[in-house]
Amino acid sequence: MNRRTRGWLVGFATVVAIQALRMPVRNERAPGGFAAPTTVQSAVRAACFQCHSEHARWPWYAQIAPVSWFIHAQVGEARKRLNFTAWKDYLYDPGTAARKFGAIDQMVRSGAMPPWYFRALSARGRLTPAQRAAIESWAIEGRADALKAESH
Amino acid sequence: MPCRKNVILMFLAAAAAGPLAFSQPVRAGGATVAAVRFNGDRFEPAKLTVPANQPFKVEVTNADNKAIEFESFDLHRERVVRPGETITVYMAPTAPGHYTFCDDFDHSVTEGAIEAR
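Nothing here was measured: the structure is a model prediction, and the numbers come from that model.

Cut-offs used in this document
Residues numbered from 1 in each chain as written. Chains lettered and ligands numbered in written order. Predicted model: local features only at pLDDT ≥ 70, side-chain atom pairs only at ≥ 80, totals over all residues. Heavy atoms only, no water. Helix = DSSP H or I, 4+ residues; strand = E, 2+ residues; numbered from the N terminus. Contact = heavy atoms within 4.5 Å. Expected span 1.5 Å × (residues − 1). Buried < 20%, exposed > 50% of the residue type's maximum accessible area, 1.4 Å probe, protein only. Buried area = accessible area lost by both parts, 1.4 Å probe. Salt bridge = Lys/Arg side-chain N within 4 Å of Asp/Glu carboxyl O. Polar contact = N/O pair within 3.5 Å; in protein donor to acceptor, adjacent residues only side chain to side chain.

A few words now on the environment of Val-109 of chain B. Residue and element names in this part refer to chain B. By the secondary structure assignment, Val-109 is in the loop between strand S9 (97-103) and strand S10 (112-116). Residues Val-109 and Arg-42, spaced 67 residues apart in sequence, show a C-alpha to C-alpha distance of 5.7 Å. Those residues in contact with Val-109 that sit more than four places away from it in its chain are Phe-38, Asp-41, Arg-42, Phe-43 and Asp-103.

With that out of the way, let us pick up helix H5 (residues 94-110) of chain A. Here H5 of chain A spans 24 Å end to end across 17 residues, near enough to the 24 Å set by a 1.5 Å rise per residue. Within H5 of chain A, the full set of buried residues consists of Pro-94, Gly-95, Thr-96, Ala-97, Ala-98, Lys-100, Phe-101, Gly-102, Ile-104, Asp-105 and Val-108 of chain A. Turning to H5 of chain A, the residues buried within the fold contact helix H3 (67-81), helix H4 (87-92) and helix H7 (129-151) of chain A together with strand S6 (68-72), strand S7 (77-81) and strand S8 (86-91) of chain B.

Attention now moves to the interface of chain B and chain A. Counting residues at the interface gives 16 residues for chain B and 14 residues for chain A. For the pair chain B and chain A, the summed buried area comes to about 1300 Å², and 49% of that belongs to carbon and sulfur atoms. Counting the surface chain B buries against chain A, the share from its top three residues, Phe-73, His-76 and Glu-78 of chain B, is 47%. Joining chain B to chain A, the criterion identifies six salt bridges. Glu-78 of chain B is the partner of Arg-99 of chain A in a salt bridge, and the nearest nitrogen-oxygen pair spans 3.3 Å. At the surface where chain B touches chain A, the tally comes to ten residue pairs in polar contact (both at pLDDT 80 or more). Of all the elements in the fold, those that place two or more residues in the side of chain B that touches chain A are S6, S7 and S8 of chain B.

Bringing the pattern of salt bridges into the picture now. Counted by the stated rule, this structure contains 16 salt bridges over all chains. Here Arg-99 of chain A ties to Glu-69 of chain B by a salt bridge, and the two come within 2.5 Å at their closest N and O atoms. Here Arg-99 of chain A, found in helix H5, pairs with Glu-69 of chain B, found in strand S6, and the two come from separate chains. Between Lys-66 of chain B and Asp-64 of chain B there is a salt bridge, with its nearest N and O atoms 2.9 Å apart. A relative accessible area of 16% means that Asp-64 of chain B is categorised as buried.

Here it is in structure tokens:
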């Protein structure tokens, strides 16, 4: 067996072995909570829910290490920062709602969200300019309302 | 010197009760209000106890000279508190449990906790 074949075999064995370190594929909570105008709702559900909610549709490669490690870390962090399944919780505290609306506007406006790798992997991650504009105006309005409620 | 002894005892009792009183939530206008203060490197008290399944408020005071982000990932709250400012965070009725909060601008700050019972 030459060095190159041995290298391939070791690589293959490593990939097989790390499959034992599986990440649990799960969505924690029941659907519900997020309400917005229809245009915004459909755009957010398509482009954001995959990471920022408990409604993730896990692709087949989310089961294969080491890709699964990256995906699970990304989804975990995304849900921590903004989870549309907990939307009603955010709205309960106007100050928190204002922060979340502000962050959504900023992230969508700057093009940071959805992230490039999601846009590359899934057509659902590619927002049209009209969808972006709808999300931005909804977030600006939501933030203004939340700030008004906070000051009362 | 019974009088002097009483004064000393009262002083000791007050000193012992002081921190307890500070960490206990107060009921104001129907909702429980728990107060927490950021002192530059930690939250005081480090643990707030609130009644479970009832709405409550947390008053966060930032006594430091830099802004903090009062964040509870468990309770889905995120608020910026400027230096010297006190804010009120509204909390929905919460199931019994242990919920953490932190300064999301500075992760070296020790986490605090809210205990709902």
